[in-house]
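Structural features, examined
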Amino acid sequence: MESLHFPQFDPQISQVSIALFTKVSNAGALKLRIIAAATAEGQAGDVEREAVNFAFIDARLITSKLHLETAVCQALLAASQDALRTRTVHSEVLYNLNPTHNITEAIRRYGVSDANTDVIVVRIDSPELTPEAVLKKMEAVVVGTLSPFSDLENITDWASIKKYHKLNGELAITEAAKDPQKEHAVIDKIVTSSVAMKSVMS
Amino acid sequence: MATTSASMRLISSSTLISQGAEAKVYKGYLTPSGSAVLLKYRFKKTYRHPSLDTTLTKARVAGEARALLKCLRSGVNVPGIRMVDASEGLLGIEWIEGKSVKYLLPSGADDGDGEGEVPVESPSQTLEHFGISVDTLMNLIGIEIAKMHLADIIHGDLTTSNMMVRDPASFTSLDPKVPTELVLIDFGLSYHSTLVEDKAVDLYVLERAFASTHPDSEPMFAGMLAAYEKQVGKEWSALRRRLDEVRLRGRKRSMVG
């Protein structure tokens with residue numbers, strides 16, 4: 001798990017923990033649990049919501065750590081300005097990753113689903129919540145193997161990313177098509193920049 | 001500080017690099033453990049009506065970010081975008097380690113920022129460090145501008161200080177022949193246009209910039225144009241004719257009649 005600190009934001013959203021889980025077996029159940037938690041009532045509801053208070057992201061659609069960090073940073077910025085487009089700062093990360101303004105589509109594409117075996121879990125909180133405590137909470141809900149972020153390079157599904165971002169046929173991609181390494185670098189750069197400028201996308 | 005928004009706090013923890021009439025440029029970090037970003041802050045202009053100022057600033061930050069993304073998608077080498085806060089007028093882009101073309105070409109160097117009279121390196125030595133000759137550099141510039149014009153983006157302020165060459169020491173080139181990369185920067189005055197006129201004026205502005213900053217610039221500019229010609233293809237004959245016209249009359253068209 002990696003911890004990032006964003007000192008420019010208010011303490012309650014300044015600490016970000018990111019973990020990659022592979023061989024995840026309960027992705028489908030996790031999705032149902034998140035949906036159920038959203039409408040659960042009373043004190044039990046609050047407890048359940050806290051248990052799944054993370055952003056669960058399909059790791060196949062993430063091109064690099066910078067890509068994810070950029071989405072988190074823009075979500076924090078929106079939260080700090082009371083300009084969230086979605087209900088929570090965690091769902092805002094999913095929204096930022098998707099190139100369109102459709103929230104349902106963003107959650108369907110970038111959130112967890114039955115077919116997921118590789119999941120990135122993100123928790124945005126204050127530095128008072130220690131990394132050990134966050135990891136414990138993550139491991140309590142995800143059944144899988146905690147893996148180093150460098151494993152992402154074997155997980156990324158470049159074809160789907162090209163489709164979602166409408167990159168097929170773009171000059172930058174056709175130019176680099178012969179060399180997969182170069183193509184991946186170009187896609188990563190475009191996708192990361194798209195996430196960063198989503199708020200002013202035409 | 002009166003304002004305590006996240007973007008203002010980010011700026012106050014960053015280092016000022018330079019300031020112009022429109023914006024201040026800083027080097028900063030979005031997160032202390034991450035890599036550097038360049039922050040371009042379009043500060044509030046008190047000489048404008050506040051609501052006009054907000055609208056203009058927002059539109060310009062958005063315009064610059066869109067131009068950068070369009071370039072990226074069209075395969076033009078430009079810095080990647082890292083953050084956008086249009087309401088505060090802040091644009092964060094990739095920090096590029098390297099030198100401007102102005103610095104690398106004869107007698108364009110040294111803006112007098114404290115280096116004193118002692119020339120540290122001669123320009124040719126510096127170009128050597130980047131592993132390219134002047135001819136190769138002109139070739140790279142021509143190709144990049146041509147790619148940008150093919151995407152119908154007009155830079156609006158082409159000068160040798162708005163082009164950077166990446167330092168091979170901190171950049172792994174994917175092209176075995178060229179160890180570096182030419183990057184176009186500052187899209188603050190850029191716009192979209194398909195007109196031959198606008199592209200010709202863009203080239204003319206660069207020609208004048210070359211002539212006023214570097215001695216014996218003609219062969220260099222000619223070399224750049226040759227590479228540009230090769231890259232743009234069939235549009236070239238119309239462009240060449242229009243460039244000759246613009247050279248005779250200057251950047252502005254006569255609006256008489």
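Reading the values: rules and limits
- Residues numbered from 1 in each chain as written.
- Chains lettered and ligands numbered in written order.
- Predicted model: local features only at pLDDT ≥ 70, side-chain atom pairs only at ≥ 80, totals over all residues.
- Heavy atoms only, no water.
- UniProt positions renumbered as here; feature names shortened; annotations may be inferred.
- Axes fitted to C-alpha atoms, helices over the stretch in contact; angles between N-to-C directions.
- Helix = DSSP H or I, 4+ residues; strand = E, 2+ residues; numbered from the N terminus.
- Parallel < 35°, antiparallel > 145°, perpendicular 65-115°, else oblique.
- Left-handed = near helix turned anticlockwise from the far one by under 90°.
- Contact = heavy atoms within 4.5 Å.
- Nonpolar A, V, L, I, M, F, W, Y, C, P; charged D, E, K, R; others polar.
- Domains from an automatic or database assignment.
- Buried area = accessible area lost by both parts, 1.4 Å probe.
- Salt bridge = Lys/Arg side-chain N within 4 Å of Asp/Glu carboxyl O.
- Polar contact = N/O pair within 3.5 Å; in protein donor to acceptor, adjacent residues only side chain to side chain.
- Phe/Tyr/Trp six-rings, centres within 6.5 Å; stacked < 30°, edge-to-face > 60°.
- Buried < 20%, exposed > 50% of the residue type's maximum accessible area, 1.4 Å probe, protein only.
- Lys NZ or Arg CZ within 6 Å of the ring centre and 35° of its normal.

With an unreviewed UniProt entry as reference, chain B is termed EKC/KEOPS complex subunit BUD32, source organism Pholiota conissans. Turning to chain B, the UniProt annotation filed under Subunit (unreviewed entry) states: "Component of the EKC/KEOPS complex composed of at least BUD32, CGI121, GON7, KAE1 and PCC1; the whole complex dimerizes." Note on chain B: under the UniProt heading Sequence similarities (unreviewed entry), the record states "Belongs to the protein kinase superfamily. BUD32 family."

Under an unreviewed UniProt entry, the name given to chain A is EKC/KEOPS complex subunit CGI121, and the source organism is Pholiota conissans. Word for word, the UniProt comment on chain A under Subcellular location (unreviewed entry) is "Nucleus". Turning to chain A, the UniProt annotation filed under Sequence similarities (unreviewed entry) states: "Belongs to the CGI121/TPRKB family."

1. Describing the packing of helix 5 (residues 134-150) of chain B against helix 6 (residues 196-213) of chain B
All names here are of chain B. Packing of helix 5 against helix 6 leaves a shortest axis separation of 11 Å and a crossing angle of 155 degrees. By the angle between their directions, the pair helix 5 and helix 6 is classed as roughly antiparallel. By crossing handedness, the relation of helix 5 to helix 6 is classed as right-handed. Contact residues: helix 5 offers Met 138, Ile 145, Met 148 and His 149, while helix 6 offers Lys 199, Asp 202, Leu 203, Leu 206 and Phe 210. By residue class, the composition of the contact of helix 5 with helix 6 is six nonpolar, one polar and two charged.

2. Thoughts on the domain arrangement of chain B
Residue and element names in this part refer to chain B. Taken domain by domain, chain B consists of domain 1 (6-94) and domain 2 (98-249). On a C-alpha basis, the centres of domain 1 and domain 2 stand 23 Å from each other. In this assembly, 14 residues from domain 1 lie in contact with 16 residues from domain 2. Together domain 1 and domain 2 conceal approximately 1100 Å² of surface at their shared face, both sides included; 55% is due to carbon and sulfur atoms. Inspection of the domain 1/domain 2 interface yields two salt bridges. A salt bridge links Arg 166 to Glu 94, with the shortest nitrogen-to-oxygen separation between them at 3.1 Å. At the junction of domain 1 and domain 2, the tally comes to seven residue pairs in polar contact (both at pLDDT 80 or more). When residues of the side of domain 1 that touches domain 2 are assigned to their parent elements, the largest contribution, five residues, is made by helix 2 (residues 50-73). Here the residues of the side of domain 1 that touches domain 2 are counted per class, giving six nonpolar, three polar and five charged.

3. Examining the packing of aromatic side chains
This structure, assessed with the given rule, holds four aromatic pairs over all chains. Ring geometry for Phe 54 of chain A versus Phe 56 of chain A: centroids 5.8 Å apart, planes at 65 degrees, classification edge-to-face. Given the relative accessible area of 4%, Phe 56 of chain A is considered buried. Plain terms: the ring middles of Phe 210 of chain B and Phe 221 of chain B are 5.9 Å apart, the flat faces sit at 65 degrees to each other, and that makes the pair edge-to-face. Of the two residues, Phe 210 of chain B sits in helix 6 while Phe 221 of chain B sits in helix 7 (residues 217-232), which places them eleven residues apart along the sequence. Across from the ring centre of Tyr 164 of chain A, 3.8 Å away, lies the NZ or CZ of Arg 109 of chain A, which sits over that ring.

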